[in-house]
Every structure is written in C-alpha cells, then in structure tokens.
Amino acid sequence: MKQESIMWEYISQEPDVLGHLLENPRIAELAGRIGKTLDCVYFVAHGSSFNAAMTVSDFLSRNAKLRVYVYTPANFRYNAASLAQEAADRTLVAAISQTGPSSGAIDALRSAKA
C-alpha cells in the first residue's frame, strides 16, 4: 500500500496558518522589536517553505523595517554575494525546511557561516 506524503497536508494548511499569523498584532509587535536588533534577514528555503518565506518577507519588510531576501539553497550558495557586505551581528540567515533536515539548506547555512 502506497502511503501519501504528509507534504500535501502541510501544503493545504499553509494559507490558513500564514494568514492567521500575519493578521496577529502580537506577531507584528514582535517583528518591530526584531527590527531594532537586525538590519536584514536572508531566508533559505525551497518548495512550500520557499512560498512561506516569500509571504513573510513582505510582512517583515513592512513591520520590522528590514531588508529581507529569499533564496533557494543553491541560489543562496552561488548568488548571495550581498551577504558579504552585511554586518554579521545585525544579519540573520534562516533556513526553513517543512519536512525536516534539508541537505541544501544545511549546506547554505554552512556557506553563510563561512
């Protein structure tokens, strides 16, 4: 018997979950506080996690007044030269994986750390 991937359940839940979070005033307040300690955020994700990061990027730009970038893991590793221009203590690189460890995302984080 073939088992259906749980990924489809996650994908179907994504619009409701994101909508609920983006409309929550406490989340907007938290974003504002984050914006006081950071200048920019780089998200690294693919698939539905990439879609979520794209949605959140505009929210953070507006509410936290941050520069926010969204990359796929490979694109980040080879095309995020702007990261070298950022202040390390005011930059967050966040990898998102909805289904668990992603070797591409982990490699991207190692690249960022280097």
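Everything below is about the structure shown above.
This write-up is about the structure you can find in this document.

About the cut-offs
- Residues numbered from 1 in each chain as written.
- Predicted model: local features only at pLDDT ≥ 70, side-chain atom pairs only at ≥ 80, totals over all residues.
- Heavy atoms only, no water.
- Pairing = 2+ DSSP bridges.
- Helix = DSSP H or I, 4+ residues; strand = E, 2+ residues; numbered from the N terminus.
- Axes fitted to C-alpha atoms, helices over the stretch in contact; angles between N-to-C directions.
- Contact = heavy atoms within 4.5 Å.
- Parallel < 35°, antiparallel > 145°, perpendicular 65-115°, else oblique.
- Nonpolar A, V, L, I, M, F, W, Y, C, P; charged D, E, K, R; others polar.
- Left-handed = near helix turned anticlockwise from the far one by under 90°.
- Expected span 1.5 Å × (residues − 1).
- Buried < 20%, exposed > 50% of the residue type's maximum accessible area, 1.4 Å probe, protein only.

Considering the sheet that holds strand E3 (residues 91-95)
Spatial ordering of the open sheet is given by E2-E1-E3, a layout of three strands whose pairing is parallel. With one partner strand each, in any of the chains shown, strand E2 (67-71) and E3 form the two edges of the open sheet. Sheet twist, expressed as the average angle between the axes of neighbouring strands with direction ignored, equals 15 degrees. Relative to E3, strand E1 (residues 40-44) is paired through five bridges, and the arrangement is parallel. Bridge assignment links Val41 to a residue of E3, and that residue is Leu92. On top of the sheet, helix H3 (residues 48-64) reaches E1 and E2; it is set at about 170 degrees to E2, its chief contact. The strands touched by helix H5 (residues 103-113) are E1 and E3; relative to E3, the strand with the most contacts, the crossing angle is about 160 degrees.

Here's the deal with the packing of helix H1 (residues 7-22) against H3
Two numbers describe how H1 lies on H3: the axes approach to 10 Å, and their chain directions differ by 10 degrees. It follows from the interaxial angle that H1 and H3 lie roughly parallel. Contact residues: H1 offers Met7, Ile11, Glu14, Leu18 and Leu22, while H3 offers Ser48, Asn51, Ala52, Thr55, Val56 and Phe59. Residues that form the contact of H1 with H3 fall into these classes: seven nonpolar, three polar and one charged.

Some words on the packing of helix H2 (residues 25-35) against H3
A pair of packed helices is characterised by two quantities: the angle between their axes and the separation of those axes. Two elements in contact, H2 and H3, have axes separated by 8 Å at closest approach and are oriented at 70 degrees. Classified by the angle between their axes, H2 and H3 sit roughly perpendicular to one another. Two packed elements cross with a definite hand, and for H2 against H3 that hand is right-handed. Across the interface between the two elements, Ile27, Ala28, Ala31, Gly32 and Gly35 of H2 pack against Phe59, Leu60, Asn63 and Ala64 of H3. Its residues placed into classes, the contact of H2 with H3 shows six nonpolar, three polar and no charged.

Side note on H3
Between the first and last C-alpha of H3 there are 23 Å, a value that for 17 residues agrees with the 24 Å anticipated at 1.5 Å per step. Those residues of H3 that sit buried are Ser48, Ser49, Ala52, Ala53, Ser57, Phe59, Leu60 and Ala64. For H3, the secondary structure elements touched by its buried residues are H1, H2, E1 and E2. Of the residues flanking the end of H3, it is Lys65, one or two places downstream, whose phi is positive at about 55 degrees.

Some remarks on the side chain of Ser49
Within the secondary structure, Ser49 is located in helix H3. For Ser49, a relative accessible area of 5% corresponds to the buried category. Filtering out sequence-adjacent residues up to four positions away, Ser49 remains in contact with Ile96, Ser97 and Gln98.

Without other data, these values stay purely geometric and don't point to any function.
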